[in-house]
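# Observations on the three-dimensional arrangement
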Amino acid sequence: MSHSRAGMFLPDGDDDVLAALGIRPELSRRMGPFGNFAISFSVICILAGGMSLFGFGLGHGGPVSMLGSWVVIGFMTLLVGCSLADVVSAYPTSGGPYFMADKLGGPRWGWVTGWLNLLGLLGAIAGIDYGAAAFAGAFAQLQWGITPTPGTTMLLFGVILVLHGVLNSRGVRLVTWLNSISVWWQLAGVTVIVGALTLAPTPHQSARFVFTHFHNDTGFTSPLYVCLVGALVAGYTFCGYDASAHVAEETTNAQVSAPRGIVRAIWVSWAAGFVLLAGLLFAVQDYTATQNTATGVPPAQIFLDVLGTGGAKALLLVVIVAMLFCGNAEVAACSRMVYAFSRSRALPGWQHWRRVSTRTKTPTRAVWFAVVIPFLLALPALWSPAAYGAITAINAVGMTPAYGIPVYLSLRKGRHYTPGPWTLDRWRRPVGILAVTYVVCITVVFCLPQSTPVTVESFNYAGLTLAAALLLAWITWMTRGRRTYQLTAAHTAQPGEALLSEGI
């Protein structure tokens, strides 16, 4: 559906594109097309999302809902990704969705989209790295008999965040190298996990069970409603592919490489994720025991039942490393968003967060912003898993609308919208309409009650979190945004502006 078109919006080079958009290049452009694809693929991370939410899927529709929704949600996400990629080609900047929304709809659209995207990215880092800490706790229990506690999990979470801060501060070349390894680690990991579970001399579930079995622990009686809620296994996993846009200013031939990176990351994750989920479901030995596993991680119980303790520990390590790669890539994407949003004077202390290291050409302070804030967001997990869930829920309900808004605004522009060299062309409008409709529908699904009766612990806080994010965007706009926010003004040389880079 996509192709390059000469003579559209294709200046002589990447820096000329930024100049035409009013941006002064500051970052190191050392990422190639594969590296751009790798960061989005690493952030989607099927070995993180598919594994972390596997237990949720078992109780919310079971195998038929998990695999069926993976096919449908994956396809609809591909449509959203293609539509977003079309707009990214026209506006290949670190700001990603908020920059596009501002250019296409004006400052208020940009401001709201920016806050949704930023909060979604921060919530994603909190969820990914805390999930890695939880899986590491399950491994420690198997290896050393150490029972994880909220305190030890939080400590390990902090260590992981610091590690990601250090790695991202070293520059985009190291980040690109790690993301490239992540691609092959994930694909090899899926192959090893599914291969080991399939070849093990243990009983396997029938194809009828894997593709038709329905299981409902939600308390709701409507199978359709339960399957809608169960679709969140795929819905939450297919987030983060805007990472390719956020590193566009560090990517060569960004107008083509960044959109291709988005689309490729989605369809590869779609295919590999289906194989992973099917492989796990075929290997389930005891459905109820898997749901109620003492490890707290249902896939770990499947590994134990099929491969024993040694095999389970080996596969858990594969998953944990993949999660670490995922969190590192998300910190990279989020830091570029912080940097770009600060260039537009949107964040308090923007002068601080937009500084770029003269040595690595990396927004180092933005990196540590993307490390410290998720840790603070996750602190409520020490006292209440429900409070932590409310914070991390902003991941999907923040990021998904942020993807749909630029697509909607580009459709609203009609013939006044000028696409880049990577474009859907005549398919842009029909695909865009389907994409925006899906974004609205899945955002509503994200906010639906997930079980009944509804209690403090079982309440779905996604809707409240989305409302809080929108309220925060409105308050900050009224109190300071409408006076200080300027999309590209911060890129124009101002008195003393040349001192904004630092040698750290």
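Reading the values: the criteria
Residues numbered from 1 in each chain as written. Predicted model: local features only at pLDDT ≥ 70, side-chain atom pairs only at ≥ 80, totals over all residues. Heavy atoms only, no water. Phe/Tyr/Trp six-rings, centres within 6.5 Å; stacked < 30°, edge-to-face > 60°. Lys NZ or Arg CZ within 6 Å of the ring centre and 35° of its normal. Helix = DSSP H or I, 4+ residues; strand = E, 2+ residues; numbered from the N terminus. Buried < 20%, exposed > 50% of the residue type's maximum accessible area, 1.4 Å probe, protein only. pLDDT = per-residue confidence, 0-100. Contact = heavy atoms within 4.5 Å. Salt bridge = Lys/Arg side-chain N within 4 Å of Asp/Glu carboxyl O. Patch = residues over 30% accessible without salt bridge, like charges linked within 9 Å, V, L, I, M, F, W, Y side chains within 5 Å. Areas by Shrake-Rupley, 256 points an atom, 1.4 Å probe, with all protein chains shown as cover. Expected span 1.5 Å × (residues − 1). Bend = angle between axes of the 7 residues up to and from the residue. Axes fitted to C-alpha atoms, helices over the stretch in contact; angles between N-to-C directions. Parallel < 35°, antiparallel > 145°, perpendicular 65-115°, else oblique. Left-handed = near helix turned anticlockwise from the far one by under 90°. Nonpolar A, V, L, I, M, F, W, Y, C, P; charged D, E, K, R; others polar.

Here we come to the packing of aromatic side chains. Using the criterion set out here, one finds 25 aromatic pairs in the structure. An angle of 85° between the planes, with centres 5.9 Å apart, marks the rings of Phe139 and Trp144 as edge-to-face. Members of the aromatic cluster, each reached through a chain of ring pairs, are Tyr98, Trp111, Trp115, Phe341, Trp477 and Tyr485. Geometry around Phe37 places Arg264 over its ring, the cationic atom sitting 5.8 Å from the centre.

Time to look at unusual backbone geometry. With an omega of 0°, the peptide bond between Thr452 and Pro453 qualifies as cis. With respect to the helices, strands and loops of the structure, Pro453 is situated in the loop between helix H21 (428–446) and helix H22 (462–484). A positive phi is found at Asn253, a non-glycine position, where the angle reads about 50°. With respect to the helices and strands, Asn253 occurs in the loop between helix H13 (243–246) and helix H14 (254–282). The class of Asn253 is partly exposed, set by a relative accessible area of 42%. The phi dihedral of Asp425 falls on the positive side, at around 60°, and the residue is not glycine. Tracing the sequence through the fold places Asp425 in the loop between strand S4 (422–423) and H21. Of the residues examined, Asp425 reaches a relative accessible area of 31% and is grouped as partly exposed.

Right, let's get into the side chain of Thr237. Its location among the elements puts Thr237 in helix H12 (residues 232–237). By relative accessible area, Thr237 is classed as buried at 2%.

Confidence along the protein chain averages 90 in pLDDT terms, with 94% of residues attaining 70 or more. Contacts of residues 1–11 to residues separated by more than four positions or lying in other chains number 32 contacts, the stretch itself having pLDDT below 50. Of the regions scoring below 50 in pLDDT, residues 490–504 engages in 33 contacts with residues more than four places distant in sequence or in other chains.

The final tally for this structure, using the stated rule, is 6 salt bridges. Note that Asp14 and Arg29 form a salt bridge whose closest N and O atoms lie 4.0 Å from each other. Of the two residues, Asp14 sits in helix H1 (residues 14–20) while Arg29 sits in the loop between H1 and helix H2 (33–44), which places them 15 residues apart along the sequence. Connected through shared salt-bridge partners, Asp14, Asp15 and Arg29 make up one network.

Judged by side-chain polarity, Leu471, Trp474, Ile475 and Met478 come together as a nonpolar surface patch covering roughly 380 Å² of accessible area. Tracing the chain through its elements places Leu471 in helix H22.

Over its 46 residues, helix H16 (residues 298–343) extends only 44 Å from the first C-alpha to the last, a length that falls short of the 68 Å expected when each residue adds 1.5 Å. Of all the bends in H16, the largest measures some 130° and sits at Leu307. The element H16 is extensively covered by neighbouring structure, given that 35 of its 46 residues are classed as buried. Downstream of H16 by a residue or two, Arg345 has a phi angle that is positive, lying close to 60°.

Another point: the packing of helix H6 (residues 97–105) against helix H20 (residues 394–413). Running from amino to carboxyl end, H6 crosses H20 at an angle of 25°, the nearest separation of the two axes being 9 Å. As summarised for this structure, H6 and H20 are arranged roughly parallel, according to the angle between their axes. For H6 against H20, the interelement crossing comes out left-handed. Contact residues: Pro97, Met100, Ala101, Lys103, Leu104 and Gly105 in H6; Ala402, Tyr403, Ile405, Pro406, Leu409, Ser410, Arg412 and Lys413 in H20. Here the residues of the contact of H6 with H20 sort into 9 nonpolar, 2 polar and 3 charged.

Following the sequence through the fold, Trp111 ends up in helix H7 (residues 107–144). Trp111 gets classed as buried once you look at its relative accessible area, which sits at 1%. Expressed as a C-alpha distance, the spacing of Trp111 and Gly279, which sit 168 residues apart in the sequence, is 43 Å. Excluding its chain neighbours within four sequence positions, the residues that come into contact with Trp111 are Phe341, Ala346, Ala473, Thr476, Trp477, Arg480, Gly481 and Tyr485.

Okay, the environment of Gln301 next. Along the polypeptide, Gln301 turns up in helix H16. Residue Gln301 is classed as buried on the basis of its relative accessible area of 15%. Along the sequence, Gln301 and Ser83 sit 218 residues apart, while their C-alpha atoms lie 39 Å from each other. Sequence-distant contacts of Gln301, that is, excluding residues within four places in its chain, are made with Ala289, Thr290, Thr293 and Thr295.

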